[in-house]
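# Coordinate analysis (summary)
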Amino acid sequence: MRQRLLMAFLLAGAAVVAPAAQAQDARLAARVPAEAVAPIDAIVRSAQDAGLPTEPLIDRALEGASKRASADLIVRAVERLAGELRAARDAMGQRSSAAEITAGASALRAGADPEALTALRERRGTQSLLVPVAVLADLVAVGVPADTAIAAVTVLAAGFDDAQYIAFRRNVERDIGLGASPVSAIGVRLEATTDAFTSAPTPSAPTPRKP
Amino acid sequence: MSERDRRLEEAITRLREPVDVDPALQERVMRAVRTTPAPRRWVRPVWAAAAWIRRPRTVRVSPLQGLAAAAVLAAVWVGVGVVRPGATPPGTPDLGVASAGNAVQFVIVAPDADAVALVGDFNDWRGDVTPMSRAEGNGVWSVTVPLEPGRYRYAFLVDGGLWVSDPSAPPAPDDEFERPGSVVTVGET
């Protein structure tokens, strides 16, 4: 309800100021429905002031325009993404790159909680979070329960490099494609991985839970 | 010694006696061998294979192996002879996450399409920026795009109006705009 009121306010305000307003990004004015330009521009400016990446917001608006979505739908999508970018940045830290924040927003959208992103940052140290967080979001997208995916990606964070994360995701998806359930697929691959790491001190594998 | 034993002993003794062999025997045998045509080599393996196929045998399969075999058979049944927009040609590497520093190749099979474009976060979702090329003689469309590290949403736009996701990449989650899409991530390291 609150969100709808805010949306109505933004659209109403846009109708008043639209003629005078100059969109910060020319792409918005050229492609997005006129009544959506000002609200989106306001969201983009707010994100910029907060130090968040703004290109993903523009991209989402352009995606909506390209898919001929309504102005209301586009504004709502951009606003939602802005909230996710902010939550991801807060969870992963102020020094996170734009790519990391964007991937973090995807993971939050997929069902990860901000605490999981924070835990990943702590485990990875100065290493980039982009690929682990993207793998987390991708695993959830192919049917792995969010808590299981979070546990797996977090367990692997200390010893895995990006290439190993990529291979891990591919193997899980391949097993799922061959008919294994997402939970059993990730359980088997995690077990194999942790067995390979037995010589190195790594945390024990989480027990997969039924969805 | 019984009569039976006596006859048996006599037979054994005769068999132990040296046999007179015609000195020309070896020559005659070898001549006969040379004049006999050699058997065709494939006949024996074919008969052996036929016999192997006909022979009943017990096969032990675990439930997981059975499931995998069923999945493969189902995939073959669905895939053979059916080429549809969105199918990935054999040998296409799966997308989703790519290593840094590599241009990313996007591929789709759309045999009936007149034009296919790649649209996504990397080209402002414009259908006129990244047209895909069709390989001669088949319906495989592809394009290679250099991408900076990041996570991108994208889709294929077939004939300017049909949105198709990439079957070799994870689906874009929760698409608010109700059109299929995919995601690709290019690593930073």
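One can find the structure itself at the top, above this paragraph.
Now for a description of the structure that goes with this document. These numbers come from a predicted model, not from an experiment.

### Comments concerning the overall build of chain A
From N to C terminus, chain A includes 11 helices and zero strands. Counting from the amino terminus, chain A carries its helices and strands in the arrangement α-α-α-α-α-α-α-α-α-α-α. Put simply, of all contacts in chain A between residues at least 6 apart along the chain, 61% involve residues at least 24 apart.

### Observations regarding the overall build of chain B
In terms of helices and strands, chain B carries four helices and eight strands. Listing the helices and strands of chain B from first to last along the sequence gives α-α-α-α-β-β-β-β-β-β-β-β. Here chain B, with 189 residues, has 25% of them falling under the buried criterion.

### Observations concerning the interface of chain B and chain A
Listed per partner, the contact involves 26 residues of chain B and 32 residues of chain A. When residues of the side of chain B that touches chain A are traced back to their parent elements, those giving at least two are α4 (63-79) and β6 (150-158) of chain B. For the side of chain B that touches chain A, a count of residues per class yields 11 nonpolar, six polar and nine charged.

### A look at unusual backbone geometry
All names here are of chain B. Its identity is not glycine, yet Asp124 carries a phi of approximately 60 degrees, on the positive side. Within the element layout of this structure, Asp124 appears in the loop between β3 (116-120) and β4 (133-134). On the neighbour-count criterion, Asp124 (17 C-beta atoms within 10 Å) is partly exposed. Positioned with a positive phi, Trp125 is a non-glycine residue whose angle comes to about 60 degrees. Tracing the chain through its elements places Trp125 in the loop between β3 and β4.

### Regarding the sheet that holds strand β5 (residues 140-146) of chain B
Sheet strands associate in pairs through backbone hydrogen bonding, adopting either a parallel or an antiparallel arrangement. All names here are of chain B. The strand order β2-β5-β4 describes an open sheet built from three strands, whose pairing is antiparallel. Among the strands making up the open sheet, the edge pair consists of β2 (103-109) and β4. Alignment of β2 against β5, held across seven bridges, turns out to be antiparallel. Residue pairing in the sheet places Val104 in a bridge with Val145 of β5.

### Let's talk about the environment of Pro114 of chain A
Residue and element names in this part refer to chain A. Mapped onto the elements of the fold, Pro114 is located in helix α7 (residues 114-124). Between the alpha carbons of Pro114 and Ala88 there is a distance of 6.6 Å; along the sequence they are 26 residues apart. Ignoring anything within four residues of it in the chain, the contact list for Pro114 reads Ala87, Asp90, Ala91 and Leu108.

### Details of the nonpolar core
The biggest cluster of nonpolar side chains holds 94 residues, and the ones touching the most others in it are Ile40, Ala61, Val78, Val133 and Leu136 of chain A. Residues contacting Val133 of chain A, with those up to four places away along its chain left out, are Glu100, Ala103, Gly104, Ala107, Leu117 and Leu120 of chain A.

### Quick look at helix α8 (residues 130-141) of chain A
Residues and elements named next belong to chain A. In this model α8 runs 16 Å from its N-terminal to its C-terminal C-alpha over 12 residues, within 8% of the 16 Å that 1.5 Å per residue would give. Counting buried positions over the 12 residues of α8 gives 12, a clear majority of the element. Residues Leu130, Val131, Pro132, Val133, Ala134, Val135, Leu136, Ala137, Asp138, Leu139, Val140 and Ala141 constitute the buried set of α8. A positive phi of about 115 degrees marks Gly143, the residue just after α8.

Conventions adopted
Residues numbered from 1 in each chain as written. Chains lettered and ligands numbered in written order. Predicted model: local features only at pLDDT ≥ 70, side-chain atom pairs only at ≥ 80, totals over all residues. Helix = DSSP H or I, 4+ residues; strand = E, 2+ residues; numbered from the N terminus. Contact = placed C-beta atoms within 7 Å. Buried ≥ 20, exposed ≤ 12 C-beta atoms within 10 Å, placed from the backbone. Nonpolar A, V, L, I, M, F, W, Y, C, P; charged D, E, K, R; others polar. Pairing = 2+ DSSP bridges. Core = buried A, V, L, I, M, F, W, Y, C linked by C-beta atoms within 7 Å. Expected span 1.5 Å × (residues − 1).

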